Amino acid sequence: MRKAIVTAAVVAGLLGGVAFHASGAASPVSVTLPPAVEAFPGGPEADLARRHCLTCHSSDYVYSQPKLSKAQWSAEVIKMVKVYGASIPDAEVGPIVDYLVAQNGKP
Ligand code: HEC
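All of the points below concern the structure found in this document. Values in this document were obtained by computation on a predicted structure and should not be read as measured data.

### A look at the site of the ligand
So, step 1. The ligand sits among 18 residues. The nearest are Cys53, Cys56, Tyr61, Tyr84 and Ala86.
So, step 2. Of all the secondary structure elements, the ones that give two or more residues to the shell around the ligand are α3 (44-53), α4 (60-63), α5 (70-82) and α6 (90-104).
So, step 3. It is α5 that contributes the most residues to the shell around the ligand, 4 residues altogether.
So, step 4. Across the shell around the ligand, the residue classes tally to 11 nonpolar, 5 polar and 2 charged.

### Here's the deal with α5
So, step 1. Helix length check: α5 (13 residues) gives 18 Å between terminal C-alpha atoms against 18 Å at 1.5 Å per residue, within 8%.
So, step 2. Every buried residue belonging to α5 is among Trp73, Val77 and Met80, and all of these are buried. For α5, the buried positions fall inside an angular range of 55° around the axis, keeping them on one side. Exposed side chains of α5 directed beyond 90 degrees from the buried face belong to Ala71, Lys79 and Lys82.
So, step 3. Where α5 is buried, its residues meet α6.

The rules behind each value
- Residues numbered from 1 in each chain as written.
- Predicted model: local features only at pLDDT ≥ 70, side-chain atom pairs only at ≥ 80, totals over all residues.
- Near = placed C-beta within 6 Å.
- Helix = DSSP H or I, 4+ residues; strand = E, 2+ residues; numbered from the N terminus.
- Nonpolar A, V, L, I, M, F, W, Y, C, P; charged D, E, K, R; others polar.
- Expected span 1.5 Å × (residues − 1).
- Buried ≥ 20, exposed ≤ 12 C-beta atoms within 10 Å, placed from the backbone.
- Arc of directions from axis to C-beta.
- Contact = placed C-beta atoms within 7 Å.

This is a description of form; function is not addressed.
Shown next, in the form of structure tokens:
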């Protein structure tokens, strides 16, 4: 779990606490946020996946699948393009598929 410290001043600010600022009694408040999930970790191919696969949904869609073969990931990406209208240039489909196989694939 990642913890973020939000000062009481921010909370008070959100509540419109102008009077609070005048008091200056800011004490830290600890807020627990959901764990940060890195969407598509890695290098250049990860950039492609980030650019093309996060416009409609989160990377959870990829990681919640069972391990798919290269042919299956290829079919998934083509489905995103043909059925859901993702605009992925042909030349970038191959590198994205390779990346998906590396992330959550099987031979
Ligand atoms: C234009 C919008 C759009 C883009 C861009 C997009 N998807 Fe999807 N994706 C969808 C929709 C819509 C669904 C179905 C959602 C549902 O059923 O809840 C989906 C579902 C999925 C699923 C779940 C299995 C399935 O077939 O329904 C996977 C895996 C997936 N997307 C992967 C990807 C990957 C990988 C990329 C990038 C190459 C991508 N998506 C880009 C719209 C998109």
